[in-house]
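Close look at the chain arrangement
Each chain is listed here by its residues.
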Amino acid sequence: GAPALRPRKAMVQLPRARRLLRPLTSRAALLSRISPRLALLLPLLLASKLDVHLAARGKRAGGSTVSSAERQQLIAELRAEVSAPLPHAIGGETLDADTYQRFLQVHGWSLPKAAAMLSKDIEWRKRVRPRALRPRHMPAACSQRGWVVLMRHQGSGNLTEDEPSPPEAAAAHSGRPAYLPTLRIGHYFGRGKGGGGRSLHPPHTKPPLAHWVYTRHGMPVTYVNVRAWHPERFTSRDECTRFCAYHMEHYIRRMPVRRGRRVQRACILISLSGFKASMVPHVCECIQVLRRHYPGRLGVACLYNTPSYWYPFWRIFCGLFDEEIMSKVHFLPASVADVAGAMAWVDKQQLHAFL
């Protein structure tokens, strides 16, 4: 007789795929009436959304079977093959054992691949010096409100120069903690003795009675409001690279010590409302910085307020992700519409903040 069908898992996923595509197919007639061009994009939207669904289910960071002793041996061999440069040569940072472990871990503990990637990263750090970057090195990027560090304020009072939104202001005056995405890296706060503002370079300077926001797992949080991000106004492509690296270094500075160990990973919340096609090259550049120079640093990336036209662009970005990053990306439910909702979703998840 005919052999039994093998792809049983695919058969199980078909009803879920149908439920996933039903909202789009039900609007096909409406799209064709509104715009024939939008109707032509419908097949691409359907395929893209299905690809995202299946990729999110099938992609995961590859586990390793090497023992603890073998890991220590590989770390020692990598340190011998790629020696750490002097701190002042790369902007003041030090390459420790955790750095070597991260480069090995993302490559499945392959010594040749990790050594090649780390060597290129050291050359990049000698050129860019990310730990030494300051807002003056990227004034156009730091003057925007697109990427903000989350703080928690308690009580009332003018703690920041930026006015919070009405719901957040109400929470602040009621004495309850509120997530206020009001701190811009490189912005100015307060007035000095001479009447001028002092440079805000957190965590060295931050408003009084303010605390950085961390997830339940100890990961620092940065919020990206795509609508307020204008990378086309950057002075050069290098400014986008420096700005991304500056934020990653700020992440590292904010990583706390939990249970005797320093947290190694970070959380990023991204509201995609207002995404534009002109942002694609800049997003690709940020992905390359994260992937090539900060492997293993991403703990979770939460995308919400996703516009319907986002999925074709997502296919482009997926080609730049490796399995380690892909396993950390989550599309939040439609019920999540703000920062507080995204933080609540993250705190319910079982995430790993350590290596």
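Refer to the structure printed above.
The following refers to the structure shown.

Calculation criteria
- Residues numbered from 1 in each chain as written.
- Predicted model: local features only at pLDDT ≥ 70, side-chain atom pairs only at ≥ 80, totals over all residues.
- Heavy atoms only, no water.
- Helix = DSSP H or I, 4+ residues; strand = E, 2+ residues; numbered from the N terminus.
- Buried < 20%, exposed > 50% of the residue type's maximum accessible area, 1.4 Å probe, protein only.
- Polar contact = N/O pair within 3.5 Å; in protein donor to acceptor, adjacent residues only side chain to side chain.
- Salt bridge = Lys/Arg side-chain N within 4 Å of Asp/Glu carboxyl O.
- Axes fitted to C-alpha atoms, helices over the stretch in contact; angles between N-to-C directions.
- Parallel < 35°, antiparallel > 145°, perpendicular 65-115°, else oblique.
- Contact = heavy atoms within 4.5 Å.
- Nonpolar A, V, L, I, M, F, W, Y, C, P; charged D, E, K, R; others polar.
- Pairing = 2+ DSSP bridges.

Observations regarding the side chain of Q144
Among the structural elements, Q144 can be located in the loop between α7 (139-142) and β1 (147-153). Residue class for Q144 comes out buried when judged on its relative accessible area of 10%. Within polar-contact distance, the side chain of Q144 engages the backbone nitrogen of H230 at 2.8 Å.

Considerations on the pattern of salt bridges
In total, this model carries 8 salt bridges according to the counting rule given. Here R125 and D121 are joined by a salt bridge, their closest N and O atoms 2.9 Å apart. Highlighted residues: R125 and D121, both in helix α6 (residues 111-128), separated by 4 residues, approximately one helical turn. Residue classification places R125 among the buried residues on the basis of a relative accessible area of 4%. Using a relative accessible area of 2% as the deciding quantity, one classes D121 as buried. Between E285 and R237 there is a salt bridge; the shortest N-O distance is 2.8 Å. Placement of E285 in helix α10 (residues 280-293) and of R237 in helix α9 (residues 237-254) is noted, with a sequence separation of 48 residues between them. Several salt bridges share partner residues, and in doing so they unite E93, D121, R125, R131 and E249 into one network.

Here we look at unusual backbone geometry
Positive phi is not limited to glycine here, since W109 has a value of about 65°. Its location among the elements puts W109 in the loop between α5 (97-106) and α6. What makes W109 buried here is its relative accessible area of 5%. Backbone geometry places R129, a non-glycine residue, at a positive phi of 50°.

Let's talk about the packing of helix α4 (residues 68-81) against α5
The contact between α4 and α5 brings their axes to 9 Å, and the two run at 105°. Viewed along their axes, α4 and α5 adopt a mutual orientation that is roughly perpendicular. Touching L74, I75, L78 and R79 of α4 are A97, Y100, Q101 and L104, all from α5. Looking at the contact of α4 with α5 residue by residue, the classes come out as 6 nonpolar, 1 polar and 1 charged.

Considering the pairing of strand β6 (residues 221-225)
Burial within β6 is extensive, with 4 of its 5 residues counted as buried. Bridge count for β6 against strand β9 (residues 266-271) is 5 bridges, and the pairing is parallel. Looking at the pairing, T222 lines up with I268 of β9.

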